[in-house]
Amino acid sequence: MTLMRHIRRLSLVAVACFLQAGLNHDLAAQQEGRDWPFEAKVDQFLLHSDFELNDPQRLESILGGLRSDISQALNLPEQKSSIHVVLFSNAKEYSRYMNHYFPSIEPRRAIYLQDRGPGMLFTFWHDDIDTDLRHEAAHAVLNQSGVQLPLWLDEGVAEYFEVQRDKRFSQNGYGAEVAQRAAKGLVPSLLDLERIAEMSEFKDTHYRDSWAWIHFLLHRRQETRQLLIDYIARHRKLVPQANLSRQLAEIVADPTVEFQQHFSKVGSSQPTSVAAIKGTLSTAKSAATQTAVAPTSATQK
Ligand SMILES: [Zn+2]
């Protein structure tokens, strides 16, 4: 886990370098023109691979529905532009390619690059390919929606969606640890997370804490979910607004206590599904009353 987070942090540094270079118009054209042994399309993700995948269905299981899951959970505008995913058979081939096209960027396990052209995600086949692809793809979807989110929120959302759909509510690897810490009164400060502006300051524990607050906002109750949606919408429209922690304090009397209550229930709950989230979102939009949403699949359905 530690290595993975470290790689991700560095990958964003790589994105910054790449943005300055501004080359990916050409690169995207090269991917489309090149004769790849394997190509496939999963939703808006265009996959190019230097090897024949034994199990093409696995890509569908990793990326299929991810964009709609994110868009519907966060009420993002529909995005039709493509995201290229370049997948290599092994680390050596991946490094060779990256060194050729991006000599100034040290290859990482997974890198998402975006400038004015199509977003591009580069990686190679490895044990955590499912998680890495979903995590970076989540960044890509957020990026393509035109929203530049605060660091903690961007990473928290990517962490939330990096696990497969039926495990997002109660089977994320952070859940038990967050619940144990919350039971001891160790509730992460959302304000402290909001103050982190540099990726170099974003530590492994900040990924966990960001995930926890995103989970809380999405599942605690309808008002918290709507607060997150509205906050992101205002960010996308560049409408000035207070920090989310401040807005949260206006609708939740004691966010720390509610955070503890929330995670005391998560461990004992059944996994929820995106369908359940969608249902709750629809309810939230039309709800005349602000009824609490218990974080269980049975209640949400
Ligand atoms: Zn990330």
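These numbers were taken from a predicted model, which means no experiment stands behind them.

What counts and what doesn't
- Residues numbered from 1 in each chain as written.
- Predicted model: local features only at pLDDT ≥ 70, side-chain atom pairs only at ≥ 80, totals over all residues.
- Helix = DSSP H or I, 4+ residues; strand = E, 2+ residues; numbered from the N terminus.
- Buried ≥ 20, exposed ≤ 12 C-beta atoms within 10 Å, placed from the backbone.
- Pairing = 2+ DSSP bridges.
- Axes fitted to C-alpha atoms, helices over the stretch in contact; angles between N-to-C directions.
- Contact = placed C-beta atoms within 7 Å.
- Parallel < 35°, antiparallel > 145°, perpendicular 65-115°, else oblique.
- Left-handed = near helix turned anticlockwise from the far one by under 90°.
- Nonpolar A, V, L, I, M, F, W, Y, C, P; charged D, E, K, R; others polar.
- Arc of directions from axis to C-beta.
- Core = buried A, V, L, I, M, F, W, Y, C linked by C-beta atoms within 7 Å.
- Domains from an automatic or database assignment.
- pLDDT = per-residue confidence, 0-100.

(A) Structural context of the overall build of the protein. Helices and strands together make up the secondary structure of the protein, namely 15 helices and five strands. Among the 301 residues that make up the protein, the fraction classed as buried is 38%.

(B) View of the sheet that holds strand E5 (residues 119–124). Reading across the sheet, the five strands line up as E1-E2-E3-E5-E4 and stay open at both edges, with mixed pairing between neighbours. The outermost strands of the open sheet, each flanked by one partner alone, are strand E1 (38–42) and strand E4 (110–113). The mean inter-strand angle of the sheet, taken between neighbouring strand axes irrespective of direction, is 15 degrees. Here helix H5 (residues 91–101) sits on the sheet in contact with strand E3 (83–88) and E5, set at roughly 140 degrees to E5. Together, strand E2 (45–49), E3, E4 and E5 form the strand contacts of helix H6 (residues 129–144), whose direction differs from that of E5 by roughly 170 degrees.

(C) Structural view of the packing of H6 against helix H7 (residues 151–161). Following both chains from N to C, one finds H6 and H7 inclined at 130 degrees, their axes separated by 8 Å at the closest point. The pairing of H6 with H7 is recorded here as oblique in orientation. With respect to the hand of their crossing, H6 and H7 are arranged in right-handed fashion. Residues Arg134, His135, Ala138, His139 and Leu142 of H6 pack against Asp154, Val157, Ala158 and Phe161 of H7. In the contact of H6 with H7, the residues fall into five nonpolar, two polar and two charged.

(D) Structural detail: helix H8 (residues 175–183). Taken together, the buried positions of H8 are occupied by Gly175, Val178 and Ala182. Seen from one end, H8 has its buried residues packed into an arc of 70 degrees, which puts them on one side. Away from its buried face by more than 90 degrees, H8 exposes Gln180 and Ala183. Each element contacted by the buried residues of H8 is listed here: helix H10 (204–219) and helix H13 (255–266). Positive phi appears at Gly185, one or two residues downstream of H8, with a value of about 90 degrees.

(E) Region of the structure containing unusual backbone geometry. In the Ramachandran plot, Asp43 falls in the positive-phi region, its phi being about 55 degrees despite a non-glycine side chain. Using a count of 16 C-beta atoms within 10 Å as the deciding quantity, one classes Asp43 as partly exposed. A positive phi angle, close to 60 degrees, is found at Leu238, a residue other than glycine. When you line up the elements, Leu238 lands in the loop between helix H11 (222–236) and helix H12 (244–251).

(F) Geometry of the nonpolar core. Counting 60 residues, the largest nonpolar core has Ile70, Leu121, Ala137, Ala138 and Val157 as the members making the most contacts within it. The biggest single contributor to this core is H10, with eight residues. Domain assignment of the residues forming this core places at least three in each of domain 1 (2–146) and domain 2 (160–300). The residues touching Ile70, leaving out its near neighbours within four places in the chain, are Leu76, Ala138, Val141 and Phe161.

(G) Layout of the pairing of E5. Of all six residues making up E5, six are buried, and the element is well covered by its neighbours. The alternating pattern of E5 places Gly119, Leu121 and Thr123 and Met120, Phe122 and Phe124 on opposite faces, both of which are buried. In the sheet, E3 pairs with E5 via six bridges, with the strands oriented parallel. Counted as the bridge partner of His84 is Met120 from E5.

(H) A look at the confidence of the model for the protein. Predicted confidence across the protein gives a mean pLDDT of 79, with 76% of residues reaching 70 or more. Below a pLDDT of 50 lies the segment residues 1–25, which in the model reaches 36 contacts outside its immediate sequence neighbourhood of four places, other chains included. When the criterion is pLDDT under 50, residues 270–301 qualifies, and its contacts beyond four places in sequence or with other chains add up to 56 contacts.

(I) Just the pairing of E2, in detail. With four of its five residues buried, E2 lies for the most part within the structure. Across five bridges, E1 lies against E2 in antiparallel orientation. Opposite Glu39, over in E2, you have His48 as the bridge partner. Between E1 and E2, which follow one another and run antiparallel, lie two residues, and Asp43 among them has a positive phi close to 55 degrees. Examined bridge by bridge, E2 and E3 share five bridges and lie parallel to one another. Pairing of Leu47 across the sheet is with Val85, part of E3.

(J) Layout of the packing of helix H4 (residues 66–74) against H6. Two numbers describe how H4 lies on H6: the axes approach to 10 Å, and their chain directions differ by 55 degrees. One finds that H4 runs oblique with respect to H6. For the element pair H4 and H6, the recorded crossing hand is right-handed. Judged by residue contacts, Leu66, Arg67 and Ile70 of H4 engage Arg134, Ala137, Ala138 and Val141 from H6. Looking at the contact of H4 with H6 residue by residue, the class counts come to five nonpolar, no polar and two charged.

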